[in-house]
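Tertiary structure, described
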Amino acid sequence: MEDLMQVSQNVQLLTHPVAQAALTILRDVTSSRTEFVRANNLAALILALEVTSQVRASPTKVVTPLGTADGRILLDDRVILVPILRAGMALLDPFRLLLPRAQIYHIGIRRDESTALPERYYPKDLPQIVGGKTIILLDPMLATGGSVCDAIDQLKGAGAEHFFFANVIASQEGLNKVCEYTPQIKIVTLAIDAELNDQKYIVPGLGDYGDRFNGTGAAA
Ligand code: PRP
Ligand code: URA
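In what follows, the accompanying structure is described. Keep in mind that what you see is a predicted model, and the values were worked out from it rather than measured. (Residues numbered from 1 in each chain as written. Chains lettered and ligands numbered in written order. Predicted model: local features only at pLDDT ≥ 70, side-chain atom pairs only at ≥ 80, totals over all residues. Heavy atoms only, no water.)

1. Structural notes on the environment of K200
- With respect to the helices and strands, the residue K200 is situated in the loop between β15 (195–196) and β16 (202–203).
- You can call K200 partly exposed: its relative accessible area is 32%.
- Between the C-alpha atoms of K200 and D153, which are 47 residues apart in sequence, the distance is 21 Å.
- Sequence-distant contacts of K200, that is, excluding residues within four places in its chain, are made with R111, A116, A143 and T144. (Helix = DSSP H or I, 4+ residues; strand = E, 2+ residues; numbered from the N terminus. Buried < 20%, exposed > 50% of the residue type's maximum accessible area, 1.4 Å probe, protein only. Contact = heavy atoms within 4.5 Å.)

Here you go:
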């Protein structure tokens, strides 16, 4: 089975069976918090393996006890991981594990519950981004696209040009908006859902990711 499907120039769908089984548990309304977190961790790991396969490495030589071999040095110091708070934090751990030298810029954005428009709450200003660094945005949910476009806007303002986006469920509307806003972006996701409801939640989606992962919200 192929683990990846190219949907468009910008979008790749992760069809890995372990990731898709994890997604099914994430979607399931009867999944406990423990099951949700475990499924998140699996999905995040496979997403991280896929997205980081596109991080560059430079050739080197390594001396072994018996000779010299060709090797590679990972250029993870040229990467900035950007979890969009809160839910983006759910994806961070495996990216940190695979890219230990990457910088981490947290961006705090929440949707206003009545308008679904993004509201910034952290930071006041991003540090300047120099040297053509690659940004990997982390957010499991892409609904209207307002939050991630706002994060991209802040990052572009700080000098960023190269963007990847690791995501669990995207709406078609959100994908269209992000790709139009940032034509060079590469997005890896586990699912593309067709609709948003009146509250701008993804349907069928999985509900509120941040609340289900953190054990907060009305159902807690
Ligand atoms: C969720 C999600 C995205 C955003 C997606 O965050 O994690 O950041 O909504 O919606 P959009 O594409 O319409 O902007 P939320 O604002 O619920 O905050 P949380 O992560 O703190 O739960
Ligand atoms: N944020 C979520 O957590 N879920 C959605 O469906 C939309 C935004």
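That shown, we press on.
2. Quick notes on the packing of aromatic side chains
- Tallying each qualifying case throughout the model produces one aromatic pair.
- Considering the side-chain rings of F36 and Y209, the 5.1 Å spacing of their centres and the 65° angle between planes classify their relative orientation as edge-to-face. Within this pair, whereas F36 is found in helix α2 (residues 33–52), its partner Y209 is found in helix α6 (residues 209–214), the two being separated by 173 residues in sequence. This pair shows no difference in class: F36 is buried, exactly as Y209 is.
- Here the basic side chain of R111 rests over the ring of Y201, its NZ or CZ set 5.2 Å away from the ring centre. (Phe/Tyr/Trp six-rings, centres within 6.5 Å; stacked < 30°, edge-to-face > 60°. Lys NZ or Arg CZ within 6 Å of the ring centre and 35° of its normal.)

3. Regarding the side chain of T182
- Inspection of the secondary structure puts T182 in the loop between α5 (172–181) and β13 (186–189).
- Reaching out from T182, the side chain makes a polar contact with the side chain of K156 at a distance of 3.4 Å.
- Sequence-distant contacts of T182, that is, excluding residues within four places in its chain, are made with N10, I152, K156 and F163. (Polar contact = N/O pair within 3.5 Å; in protein donor to acceptor, adjacent residues only side chain to side chain.)

4. Observations regarding the site of ligand 1
- What surrounds ligand 1 is a group of 15 residues, the closest being R111, D139, T144, G145 and S147.
- Contact between ligand 1 and T144: an oxygen atom at 2.6 Å from a side-chain N or O atom of the residue.
- Within the backbone of G145, an N or O atom sits 2.8 Å from an oxygen atom of ligand 1.
- Surface burial for ligand 1 is 90%, taken as the share of its 500 Å² of free accessible area covered by protein chains.
- A breakdown of the residues in the shell around ligand 1 according to their chemical character gives five nonpolar, five polar and five charged. (Near = heavy atom within 4 Å. Areas by Shrake-Rupley, 256 points an atom, 1.4 Å probe, with all protein chains shown as cover. Nonpolar A, V, L, I, M, F, W, Y, C, P; charged D, E, K, R; others polar.)

5. Remarks on the packing of helix α4 (residues 146–157) against α5
- In the contact formed by α4 and α5, the axes pass within 9 Å of each other and the chain directions differ by 15°. Between α4 and α5, the angle falls in the class roughly parallel. The handedness of the crossing between α4 and α5 comes out as right-handed. Taking contact as the criterion, the partners of G146, V148, C149, I152, D153 and K156 in α4 are, on α5, K177, V178 and Y181. (Axes fitted to C-alpha atoms, helices over the stretch in contact; angles between N-to-C directions. Parallel < 35°, antiparallel > 145°, perpendicular 65-115°, else oblique. Left-handed = near helix turned anticlockwise from the far one by under 90°.)

6. Some points on the site of ligand 2
- As a matter of local geometry, ligand 2 sits amid R111, M141, A143, K200, Y201, I202, G207, D208 and Y209.
- Between I202 and ligand 2, the recorded distance is 2.8 Å, taken from a backbone N or O atom to an oxygen atom.
- In the environment of ligand 2, an oxygen atom lies 2.9 Å from a nitrogen or oxygen atom belonging to the backbone of Y209.
- Relative to its unbound accessible area of 240 Å², ligand 2 is 89% covered by the protein chains.
- Grouping the constituent residues of the shell around ligand 2 by class yields five nonpolar, one polar and three charged.

7. Notes on the pairing of strand β8 (residues 118–122)
- Pairing geometry for strand β7 (residues 107–111) and β8, over four bridges, is antiparallel. Across the sheet, residue I109 finds its bridge partner in β8, namely R120.
- What sits between β7 and β8 in their antiparallel hairpin is a turn of six residues, with A116 showing a positive phi close to 65°. (Pairing = 2+ DSSP bridges.)

8. Re the sheet that holds strand β12 (residues 169–171)
- Read from one edge to the other, the open sheet built from three strands follows the order β10-β12-β14, with strand pairing classed as parallel. On the outer flanks of this sheet lie β10 (141–142) and β14 (191–193), each paired with one strand and no other.
- Of the pairings in the sheet, the one linking β10 to β12 comprises two bridges and is parallel in character. Residue pairing across strands places L142 opposite A170, the latter belonging to β12.
- The strands touched by α5 within the sheet are β10, β12 and β14, with β12 carrying the most contacts at an inclination of about 80°.

9. Topic: α5
- Along α5, the residues classified as buried are G174, L175, V178 and C179. Viewed end-on, α5 has its buried residues packed into an arc of 120°, placing them on one side of the element.
- Each element contacted by the buried residues of α5 is listed here: β2 (11–14), β10, α4, β12, β13 and β14. (Arc of directions from axis to C-beta.)

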